[in-house]
Amino acid sequence: MSLTKLAQILISEKLSSIDYGVDATCGNGHDSLFLAGLCSQEGMIYSFDIQEEAIDIAEKLLNDHNMPTSVMFVNSGHQNMEKVIKPKVDVVMFNLGYLPNSERNICTKPETTITALDSATNILRAGGLITVLCYPGTDEGRVETREVMNWLSKLNKDEFTVSEHLSEKPDDTTPVLYVIDKKS
Ligand SMILES: C[S@@+](CC[C@H](N)C(=O)[O-])C[C@H]1O[C@@H](n2cnc3c(N)ncnc32)[C@H](O)[C@@H]1O
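Structural notes, computed from the coordinates. (Residues numbered from 1 in each chain as written. Predicted model: local features only at pLDDT ≥ 70, side-chain atom pairs only at ≥ 80, totals over all residues. Heavy atoms only, no water.)

Things to note about helix α1 (residues 3–14)
For α1, built from 12 residues, the straight-helix expectation of 16 Å at 1.5 Å per residue is met to within 8% by its first-to-last C-alpha distance of 17 Å. Listed as buried for α1 are Leu3, Leu6, Ala7, Gln8 and Ile11. Against α2 (30–38), β4 (89–95), β5 (124–134), β6 (160–166) and β7 (176–182) lie the buried residues of α1. (Helix = DSSP H or I, 4+ residues; strand = E, 2+ residues; numbered from the N terminus. Expected span 1.5 Å × (residues − 1). Buried < 20%, exposed > 50% of the residue type's maximum accessible area, 1.4 Å probe, protein only. Contact = heavy atoms within 4.5 Å.)

Shown next as structure tokens:
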């Protein structure tokens, strides 16, 4: 099973329904679609991407599945999420790296990713989840993964638990999924 799918399964096992969720890296919109499927009628999914192209693709995916209204697309960096999102959220998903089949140099960057992770922990409700899928298979991805691991090591262990999930045949270049659980 892919780690993208595993992230979704782990979320739906813990949270059968959500009021507010964040797709911190909208991309093609698969995680936004998944979160929209979990979202209550009164709720809202915030979906961030710096690329308008990604948002257009994701918006079409949501429309094709008749689920456009519960997703608010934000054409801005996830490092701004605290300026945009006012309620506490149940879940935040990060799928780092670049938009598949697009410019590889338009990708998540360690500094803004860490700012966004800090913000995600601030707006997450107790009992909520953050998932972070990292790709250490490129030079930039390796640096970013190291920064994420360093950030995770400093999380307050009284408040958060972290689990690591690897691909079936892991090595230094294969993706790694982190799941951060904010204790109730
Ligand atoms: C691996 S893709 C996400 C895949 C997506 N979750 C999906 O289901 O298709 C990473 C995305 O992050 C976006 N991105 C890069 N830097 C960003 C930032 N600072 N804030 C928000 N999105 C960013 C890229 O434009 C790209 O679309």
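Overview of the sheet that holds strand β3 (residues 71–74)
Strands in a sheet are paired, the pairing made by backbone hydrogen bonds, and the direction either parallel or antiparallel. Strand order in the open sheet formed by 7 strands is β3-β2-β1-β4-β5-β7-β6, and the pairing between neighbours is mixed. Of all strands in the sheet, those bounded by a partner on one side alone are β3 and β6. Across the sheet, the axes of successive neighbouring strands diverge by a mean angle of 15°, strand direction being ignored. Across 7 bridges, β6 lies against β7 in antiparallel orientation. The residue of β7 that forms the bridge with Thr161 is Asp181. α1 contacts β4, β5, β6 and β7 of the sheet and is inclined by roughly 170° relative to β5. (Pairing = 2+ DSSP bridges. Axes fitted to C-alpha atoms, helices over the stretch in contact; angles between N-to-C directions.)

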